[in-house]
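# A structural walkthrough
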Amino acid sequence: MSDTRTVRSRGTVTIEVESCKGCELCIPACPPAVLTMSSPVNRKGYRYPELHAGCTGCAACLLVCPDFVFEVFRFDTPVEHTLPVEDEPADDEGVTA
Amino acid sequence: MTATTSSERVLMEGSEAIVRAAITAGCRFFAGYPMTPFTEVLEHSARLLPDVGGVCMNAESELEAVGMAWGAAATGARAATGSTGQGLSLMQESLSELTLAEVPLVVFNMSRSQGDYFQATRGGGHGDYRHIVLAPQDVREAIELTQLAFHLADKWRNPVLVYGDYLLAHTQEAVAIEARDFGALPDKEWAVDGSRSGSGWSATVTPLGVGKTGQRQFGQEGKAQYIATKLPLLEREVRFETGHVDDAETVIVAFGTPAKFVKYAIDQLRADGHRIGYVRPITLWPFPYDAVHAAAANARVVGSFEVSTGQLVDDVRIAVAGQAPVEHLGGVSTDGSGFGVGRLLDVDEVATRILALHRGEPQPPIPGYEEFTYELAAHQQEATP
Amino acid sequence: MSTTATPRGLGPVLDTRVAPSSGARVVEAQMPDLLLTEEHSLCPGCGEPLAVRVFLEAITELGLTQQAIAVAGIGCYTAFSGSIDVDLVQALHGRAPSVATGVKRMLPDSVVFTLQGDGDMVNEGLQEVLHTAARGERVTCILLNNGVFGETGGHMTSTSVLGQRTKNTIDGRDAELHGYPILIGDLISRLEGVAYVARGSVHNAGAVARTKRMFRRAFETQTSGAGFSFVEVLTMCPTGWFVPTADGPGELQRTLGEVHVMGELKVDGKIKTTEELHDENVPRQREIEAKFAAGGLDI
C-alpha cells in the first residue's frame, strides 16, 4: 500500500476574496464538496471560501453565489494532485474525487 | 390622413381641437380612462392617433394611464394623458415622481370646476415639485396652448398641465388647427431606446438620482437639488393678459373659461363708466405675481373671480402684498350632474358681483342657494366670546 | 495564503487568486456582460443577485443586448438599476408593467422586461400586471418572490405563506387575520393574451440552471411576438425570514417552495396549475441535481 493517493481536478476557480459576504451558500452547493470556509476574514470581516483538490468545473458555486465571487475554469487535461494517505477519509465520510 | 394642419375653420368641440392640436405638435401617444368631462379627449385620441401612426391606449385605470404615458415619454416620444380632477388625484404619485425623473409629459385636466387650482399649482402629490400650468380661456386659445405645452415640456424636461373644464371640452367653436412653431429644441439624448444597452453607457430615466456605475450620481438629495435649480428658470415662462388696468380702481383676477365672462362683463362695466380692470393669468404656475402686484398698485380693491370656494384668491393675496384688500368672488357652481356649468357662469351674474365689489356692497349668494347656511348641531354650539 | 487547518479528507487549500495562465478555458465568467460591477448592498445570502445573473446572461446569449430596455420596480433589487448595463426606466412601486407597456408600444422592436418583487407586483401592482398580461403586451415581467417586503425590513406580502413569520405577522401568517397567499402565476396563466408563464427558484445550482432556461424561453416568447411572458423566481431572504444565511435555501424549500411550486405553468398554449406541478417537480429537480453531481449541467 502506497502512502499517497491521487485526486484529480477537472476544473478550478478563482475566488474574489474581498467580494465575499460569508453567506456560505457555496459550501453545500459544491457536489464534490471541495470548498471550505476560511479561518481568517476578509476586509469586510467575513470568512470566505477556499478550494481543495477535486473541483470538476461544474460552476455550481458560481450559480449560487450572490456576490459574483467565483470564476470557473476547466482544464484541458485534468490536474492530478498527490495527497498523503493519512488525509484519506474513513468510509463513512463522503468525499468524492 | 395627415396631421390636421389647416387654415380652414371647422366647427368642432374643444376636446377634439385639443387632440388635433396635440397631434399637430407631434404627440404620438395618449392613454386615458373615461371620466366626465374628459372622456371625449380619450375618444378623439382613439379615433385620430392611429391615422398618424400614433398609439392611443384605453387604460384600465388612471394609474395605468399615467404609467403608460410615462413609459412612452421616456422613449423620447411626445406623450400625454389626462383626466378630470378626481382622476388626476389618482395619478398624483406618478406625476410627482416623473417630475423628478424629468419626464416631459403633458397632462390635461378637463376639470369639473375651478376647484382643482390647488391640485394643479401646488401639486396634489408629495414632495417639492412644480408643473407649468396653462389655462386656456376658449377653444381657440386651447389650440395654441396645447402645442405650447408640448414645447415647454420638452424645453424644460418638466411636465406641463393644461387646465381645461367642461365648458372648454364641450363648446363647439369654428377653429383652424394652425401649427405653431415655438423654436428649435435639442435632441433627446437622455431617452431610452435600447441602443446603448451593453455599452457601459446605457441610459437611465429615474427619479432616484441613480446613474449607471461610472456615470454621474446625483443621489436622491442631489437630484432634488438639481430640479430645484430649474425652478427659477421655469418662472420665466409666465404668461398673462391684462385689460383696463392703468386707471382701474377695482381689479379682478380670473383664469380659464370664466375669465372670458369676466372680461366681457368688465368691458360692459367700462362702457358704463366704471373704472374696473382685469388680469388674466395664462400660466397658473408660474403665477404672474408681478403683473397682479402692478395692477393693484393704485387700486382700491382687488377681487378674484373663480368657480370655487376660493383657491386662486390665495395667489392674488400674495401678489397684492397688502396694497389693497383682496376679496373672493364667485363660489361653487355646477349643474345637477356635478360635472358641468352652473348658474354662476352667466355674464349678468358675473357683472353683478364685480359691480358689488366695486361699490363696496355685499356679494350676492350663489343663485339657487340663497337660503343655505351651515347649521351647527346642538353639541357644536359654543358660548361666543 | 490561508492558514486554515486542512479538514480531514481534503487536500491543502489551493491558490485561487489568479486564473490558470494556460491549459484551461473559462466555463463560467465571474460576471455577466451586462453587469457593470459585482458590488451591491444586498444582504449576504440574498437570492436576488442569482436571478439577475441568469436573466442578464440570457439576454446576452440570445443576442438581444441592443434591443433590451428594463423597467425597474421598487424593492431591494432596485439597487441593480445602476449596475445593470441596459437602458432603464425606473418606475414606482407596482407600476412597472404600465411603464413597460408605454415603452414597448412606442418601440415595438425592443425587448422590454420589468424587474419587480412580490410586494411590488402582487401587492401594490396586482392590477398592473394582470391588465398588462390580459392585453397580451409583448413584454416580459420578471417577479423576484421572497415572500416579504425586503426593503422595508421584512413584512408580509400577498405571497407570504401561511405560518410565515414576518415583522408584522410575528406569530405567523394567519388566514383569519391576513387571508391567503396569491399564486400569481396561476392567475396570469389563465389570461388569453399570455403566452409563457414559468416559476423558477434559486435555492440551489440546479434550480438556478432551470431558471435560466425559463428566462431564455420567456425572452424568445417576446421576440416571437406570441404574447405576454412571465417568469417568477423564488429567492432567499434570510434577513426577512429570520434565519441564518446558510439556512436560506432550506427555508425556501420548506416554506415558499411548498406553495409556489417550480415549473412551467403555461407554454405552447398548455396550462398547468401549481397543484399539477407538485407531482412533476420532485423527480425533475432530482434529475438536475444528479447532472450537477456528475460534473455540471450545460447551461
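Residues numbered from 1 in each chain as written. Chains lettered and ligands numbered in written order. Predicted model: local features only at pLDDT ≥ 70, side-chain atom pairs only at ≥ 80, totals over all residues.

### Considerations on the overall build of chain B
Test applied: Where helices and strands are cited, they refer to DSSP runs of H or I of at least four residues and of E of at least two residues respectively, numbered from the N terminus. Computation of the radius of gyration draws on C-alpha atoms, with the globule rule given as 2.2 Å multiplied by the number of residues to the power 0.38. Contacts here follow a simple rule: the backbone-placed C-beta atoms of the two residues must lie within 7 Å.
The number of helices and strands found in chain B is twelve helices and 15 strands. The globule rule puts the C-alpha radius of gyration for 385 residues at 21 Å, and the 22 Å found for chain B is close to it. Seen through its principal axes, chain B has C-alpha atoms that stretch 70 × 55 × 50 Å. Summarising the internal contacts of chain B: among those between residues at least 6 apart in sequence, 77% fall at separations of at least 24.

### Quick look at the overall build of chain C
Keep this limit in mind: In this scheme the burial state of a residue depends on its C-beta neighbours within 10 Å: 20 or more other such atoms mean buried, 12 or fewer mean exposed, and anything in between means partly exposed; the C-beta positions come from the backbone.
Looking only at helices and strands, chain C has eleven helices and eleven strands in total. In terms of principal-axis extent, the alpha carbons of chain C reach across some 60 × 50 × 35 Å. When each of the 299 residues of chain C is scored for burial, the buried share is 60%. Of all intrachain contacts in chain C linking residues separated by at least 6 positions in sequence, the fraction that spans at least 24 positions is 67%.

### A closer look at the interface of chain C and chain B
In plain terms, the rule: All residues other than Ala, Val, Leu, Ile, Met, Phe, Trp, Tyr, Cys, Pro, Asp, Glu, Lys and Arg, Gly among them, are scored as polar; the first ten of these are nonpolar and the last four charged. In this scheme, strands are said to pair when DSSP sees at least two bridges between them.
With 35 residues of chain C in contact, the opposing surface of chain B contributes 40 residues. Elements that contribute at least two residues to the side of chain C that touches chain B include exactly β2 (68–72), β3 (87–90), α2 (96–106) and α4 (126–134) of chain C. Top contributing element to the side of chain C that touches chain B by residue count: α2(C), with eight residues. The class makeup of the residues in the side of chain C that touches chain B is 15 nonpolar, 14 polar and six charged. Across two bridges, the pairing between strand β9 (residues 204–205) of chain B and β3(C) is parallel.

### A closer look at the interface of chain C and chain A
On the chain A side, the residues contacting the 43 residues of chain C number 51 residues. Only β1 (24–28), α1 (48–61), α7 (205–224) and α11 (274–293) of chain C provide two or more residues apiece to the side of chain C that touches chain A. Broken down by element, the side of chain C that touches chain A gets its largest block of residues, five residues, from β1(C). A breakdown of the residues in the side of chain C that touches chain A according to their chemical character gives 24 nonpolar, 14 polar and five charged. Relative to β1(C), strand β4 (residues 70–84) of chain A runs antiparallel, the two being bridged by four bridges.

### Focus on the domain arrangement of chain B
Residue and element names in this part refer to chain B. Note the threshold: Delimitation of the domains relies on an automatic or database domain assignment.
Structurally, chain B comprises domain 1 (10–175) and domain 2 (242–359). Taking only C-alpha atoms into account, the centre of domain 1 sits 26 Å from that of domain 2. Counting residues at the interface gives 23 residues for domain 1 and 23 residues for domain 2. The set of elements that each furnish at least two residues to the side of domain 1 that touches domain 2 consists of α5 (117–123), β6 (132–134), β7 (160–165) and α7 (166–170). Looking at the side of domain 1 that touches domain 2 element by element, the count peaks at four residues for α5. Of the residues that constitute the side of domain 1 that touches domain 2, the class distribution is twelve nonpolar, seven polar and four charged.

### Describing helix α11 (residues 312–320) of chain B
Residues and elements named next belong to chain B. Short version of the rule: Regarding the arc, it is the one traced by the directions from the helix axis to the C-beta atoms.
Among the residues of α11, L312, V313, D315, V316, A319 and V320 are the ones counted as buried. Buried residues of α11, seen end-on, are gathered within an arc of 160° and therefore sit on one face of the element. The inward-facing, buried residues of α11 contact α5, β11 (250–253), α10 (289–296), β14 (301–306) and β15 (326–330). Two residues or fewer past α11, A321 is found with a positive phi of approximately 50°.

### Things to note about the nonpolar core
Selection criterion: In plain words, the nonpolar core is the set of buried Ala, Val, Leu, Ile, Met, Phe, Trp, Tyr and Cys residues that C-beta atoms within 7 Å link up.
Core analysis: the biggest nonpolar cluster contains 234 residues, and C61(A), V64(A), A69(B), L105(B), L134(B) and V251(B) have the highest contact counts within it. A domain split of this core shows at least three residues from each of domain 1 (10–175) and domain 2 (242–359) of chain B. Discounting chain neighbours no more than four positions away, the residues touching V251(B) are V245(B), G277(B), Y278(B), V279(B), A295(B), A296(B), A299(B) and V302(B).

### Notes on the arrangement of the chains
Where two pairs of chains are in contact, the pair with the most contacts is made of chains A and C. The closest approach of any C-alpha atom in chain A to one in chain B is 16 Å; the two make no contact.

### Section: α7(C)
Residue and element names in this part refer to chain C. Our working definition: Under the convention used throughout, the expected extent of a helix is 1.5 Å for every residue step, that is, one less than its residue count.
Helix length check: α7, at 20 residues, gives a terminal C-alpha distance of 29 Å against a target of 28 Å (1.5 Å per residue), a fit within 8%. Burial runs high along α7: 14 of the 20 residues are buried. Positive backbone phi, approximately 80°, marks G225, located one or two places after α7.

### So, the packing of helix α3 (residues 62–74) of chain B against helix α4 (residues 85–100) of chain B
Residue and element names in this part refer to chain B. Our working definition: Simply put, an axis is a line fit to the C-alpha atoms, just over the touching stretch for a helix, and the angle between two N-to-C directions goes from 0 to 180 degrees. Roughly parallel covers angles under 35 degrees, roughly antiparallel covers those over 145, roughly perpendicular covers 65 to 115, and oblique covers all other angles. If you view the pair so one helix is near and one far, a crossing is left-handed when the near helix is turned anticlockwise from the far one by less than a right angle, and right-handed when it is turned clockwise.
Two elements in contact, α3 and α4, have axes whose closest approach is 8 Å; the angle formed by their N-to-C orientations is 30°. With respect to their mutual orientation, α3 and α4 come out roughly parallel. The handedness of the crossing between α3 and α4 comes out as right-handed. Within the contact between the two elements, α3 uses E62, L63, V66, G67 and W70 and α4 uses G87, L90, M91, S94, L95 and L98.

### Details of the sheet that holds strand β1 (residues 4–15) of chain A
Pairing is antiparallel in the open sheet, where three strands are placed in the order β1(A)-β4(A)-β1(C). Each of the sheet's edge strands pairs with one partner strand only, and the pair in question is β1 of chain A together with β1 of chain C. For this sheet the average axis-to-axis angle between neighbouring strands, irrespective of direction, equals 40°. Judged from the eleven bridges that link them, β1(A) and β4(A) form a sheet pairing that is antiparallel. Bridge pairing links R5(A) to L83(A) in β4(A).

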